[in-house]
Amino acid sequence: MAAPVLRWGCRGRRWALACVDGGSCYRRGPPTGSTCDRIRGQSSVAQQPLHTAQKPRKGEHKWAAVVGLEIHAQISSNSKLFSGSQVRFSAPPNSLVSFFDASLPGTLPVLNRRCVEAAVMTGLALNCHINKKSLFDRKHYFYADLPAGYQITQQRLPIAVNGSLTYGISAGKERGQVIPKTVRVKQIQLEQDSGKSLHDDLRSQTLIDLNRAGVGLLEVVLEPDLSCGEEAATAVRELQLILQALGTSQANMAEGQLRVDANISVHHPGQPLGVRTEVKNLNSIRFLAKAIDYEIQRQISELENGGEILNETRSFHEKLGCTVSMRDKEAKQDYRLLLTAKYQYISGGWGYFKFI
């Protein structure tokens, strides 16, 4: 039976509701289709071809790619997650910073009810199980724009778990058929955003803006059910539309309200998964597709030439169209996760928020 899905008509037009039949993402014919049809190609979302993907390499059909996403969406709220400071884009530097945001001694957090409601609404929209009791943890690491030396997040018992996100992939000879697909949602958690580092290369100094420090974020963690840049970009676009429809986030990527981290690995089908790399802070759907496609190609080329893949964090260079290494993750960092607070859903309201 035909299933209703959102379908993109063409550039500059809106999404339309269309009923399409099920089918396969793979098709026959020359390799001119999507990246899902061939592991090493350019996504239609990316639009521009990668210079490293001109010719298919020998043995490419023997590789399978695995992609998982961590999506950070800024919650639409007038104040921050644990303080009363305003949330406003492009405000003068350090003009929206409370004592708690600056981590001055003696300050205590107060949970923003609006942020909790937004997380619950998003969890319900993504078919998640809502935990009636959730925990906040302190994730310790040092960085200049994190004045407390730790981030308040939800690691062990997040607000929502075990959901799903359905999206549509274009297929067929003229890409007129939309194939519905589903990616599992591992969890949705609330956490603080960090400040912003402004690097001045001319003066060899870094300036810190704490306006963003403490802003409430929804982190949506997707299971590694994706296999190419086009699938990842389409799934993120679908989530962006859901957040905007709910009003839980404006999800404006140009203003940094939606950022994506992609975990990517390749392996031979039937064998254990390969070593994964993480591409951080992708703030464009087109760049997300290009970064994933490039990283898949880079890992395959490295392995076919006898090299090895390092467990590292990489960033996407927008002008060069490639990923570059930032830091390695071989030595696992000890975040010293500590229980910060707990809250419980009681009789239709948030009964208590007790700090330990």
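What you are looking at is a predicted structure, and each value in this text was computed from that prediction instead of being measured.

**Some points on the nonpolar core**
Counting residues in each nonpolar core, the largest one holds 57 residues, and the members touching the most others are Leu69, Ile71, Leu126, Leu190, Leu288 and Ile292. With 8 residues, helix H3 (residues 285-304) is the single largest residue contributor to this core.

**Examining the side chain of Arg314**
Mapped onto the secondary structure, Arg314 falls in strand S14 (residues 312-317). A polar contact of 2.5 Å, which involves the side chain of Arg314, links it to the side chain of Glu312. Apart from the residues within four sequence positions on either side, Arg314 is in contact with Thr277, Glu278, Val279, Lys280, Glu295, Arg298, Thr323, Val324, Ser325 and Met326.

**Notes on the sheet that holds strand S8 (residues 177-192)**
If you trace the 9 strands from one edge of the open sheet to the other, you get S4-S7-S8-S11-S3-S12-S13-S14-S15, paired in mixed fashion. In this open sheet, the two strands that pair with only one neighbour each are strand S4 (129-130) and strand S15 (322-328). Inspection of the sheet shows strand S3 (residues 64-74) paired to strand S11 (residues 216-222) by 5 bridges, in the antiparallel sense. In the strand pairing of S11, Ile71 is matched with Val220. Most of the contacts of H3 go to strand S12 (residues 258-267), to which it runs at about 25 degrees, and overall it touches S3, S12, strand S13 (277-282), S14 and S15.

**Structural notes on the environment of Val236**
Checked against the element boundaries, Val236 lands in helix H2 (residues 229-246). Put simply, Val236 and Leu288 are 52 residues apart on the chain and 9.2 Å apart in space, counted from C-alpha to C-alpha. When neighbours within four sequence positions are excluded, Val236 is seen to be in contact with Leu69, Ile71, Leu258, Val260, Ile285 and Leu288.

**So, the pairing of S8**
Where strand S7 (residues 160-171) meets S8, 11 bridges bridge the pair, whose relative direction is antiparallel. By the bridge assignment for S8, Gly163 is matched with Val185.

**Some remarks on unusual backbone geometry**
Although it is not a glycine, Ser204 sits at a positive phi angle of roughly 55 degrees. The residue Ser204 is located in the loop between strand S9 (196-200) and strand S10 (205-209) in this model. Taking the relative accessible area as the measure of exposure, Ser204 reaches 67% and is therefore exposed. Positive phi outside glycine occurs at Asn281, with the angle close to 55 degrees. Mapping Asn281 onto the fold places it in strand S13.

**Focus: the pattern of salt bridges**
Within the structure shown, the criterion is met by 13 salt bridges. We note a salt bridge from Lys280 to Asp261, for which the minimum N-O separation is 3.2 Å. With Lys280 in strand S13 and Asp261 in strand S12, the pair connects residues that are 19 residues apart, well separated along the chain. The exposure class of Asp261 is buried, given its relative accessible area of 2%. Across the salt bridge formed by Arg298 and Glu295, the nearest N and O atoms sit 2.5 Å from each other. Placement of the pair is Arg298 and Glu295 together in helix H3, with a separation of 3 residues, close to one helical turn. Take Arg298 and Glu295: they sit in the same class, and that class is buried. When salt bridges that share partners are traced, they join Glu295, Arg298, Glu312 and Arg314 into one network.

**A short note on the confidence of the model for the protein chain**
Of the residues in the protein chain, 75% have a pLDDT of 70 or more, and the chain-wide mean is 82. pLDDT under 50 marks residues 1-35. Its contacts with residues more than four places away, or in other chains, come to 66 contacts. Below pLDDT 50 for its whole length, residues 37-56 participates in 56 contacts with residues either more than four positions away or in separate chains.

**Quick notes on H3**
Under the 1.5 Å per step criterion, the end-to-end length of H3 is 29 Å for 20 residues, consistent within 8% with the ideal 28 Å. The buried count for H3 comes to 16 of 20 residues, which makes it a mostly enclosed element. The distance from a side-chain oxygen at the start of H3 to the backbone nitrogen of Arg286 is 3.3 Å, and the residue carrying that oxygen is Ser284. Remark: Gly306 follows H3 within two positions and exhibits a positive phi of approximately 85 degrees.

**Some remarks on H2**
Between its first and last C-alpha, H2 extends 26 Å over 18 residues, near the 26 Å set by a 1.5 Å rise per residue. With 14 of 18 residues buried, H2 is to be regarded as a mostly interior element. A positive phi of about 80 degrees marks Gly247, the residue just after H2.

**Observations concerning the packing of helix H1 (residues 113-125) against H2**
Relative to each other, H1 and H2 sit at 130 degrees, their axes nearing to 11 Å. The angle between the axes of H1 and H2 places the two elements in the oblique class. Of the two elements, H1 crosses H2, and the hand of that crossing is right-handed. Of the residues in H2, those in contact with Met121, Thr122 and Ala125 of H1 are Ile242, Leu243 and Leu246. Residue composition of the contact of H1 with H2, by class: 5 nonpolar, 1 polar and no charged.

Parameters and conventions
- Residues numbered from 1 in each chain as written.
- Predicted model: local features only at pLDDT ≥ 70, side-chain atom pairs only at ≥ 80, totals over all residues.
- Heavy atoms only, no water.
- Core = buried A, V, L, I, M, F, W, Y, C linked by side-chain atoms within 4.5 Å.
- Buried < 20%, exposed > 50% of the residue type's maximum accessible area, 1.4 Å probe, protein only.
- Helix = DSSP H or I, 4+ residues; strand = E, 2+ residues; numbered from the N terminus.
- Polar contact = N/O pair within 3.5 Å; in protein donor to acceptor, adjacent residues only side chain to side chain.
- Contact = heavy atoms within 4.5 Å.
- Pairing = 2+ DSSP bridges.
- Axes fitted to C-alpha atoms, helices over the stretch in contact; angles between N-to-C directions.
- Salt bridge = Lys/Arg side-chain N within 4 Å of Asp/Glu carboxyl O.
- pLDDT = per-residue confidence, 0-100.
- Expected span 1.5 Å × (residues − 1).
- Parallel < 35°, antiparallel > 145°, perpendicular 65-115°, else oblique.
- Left-handed = near helix turned anticlockwise from the far one by under 90°.
- Nonpolar A, V, L, I, M, F, W, Y, C, P; charged D, E, K, R; others polar.

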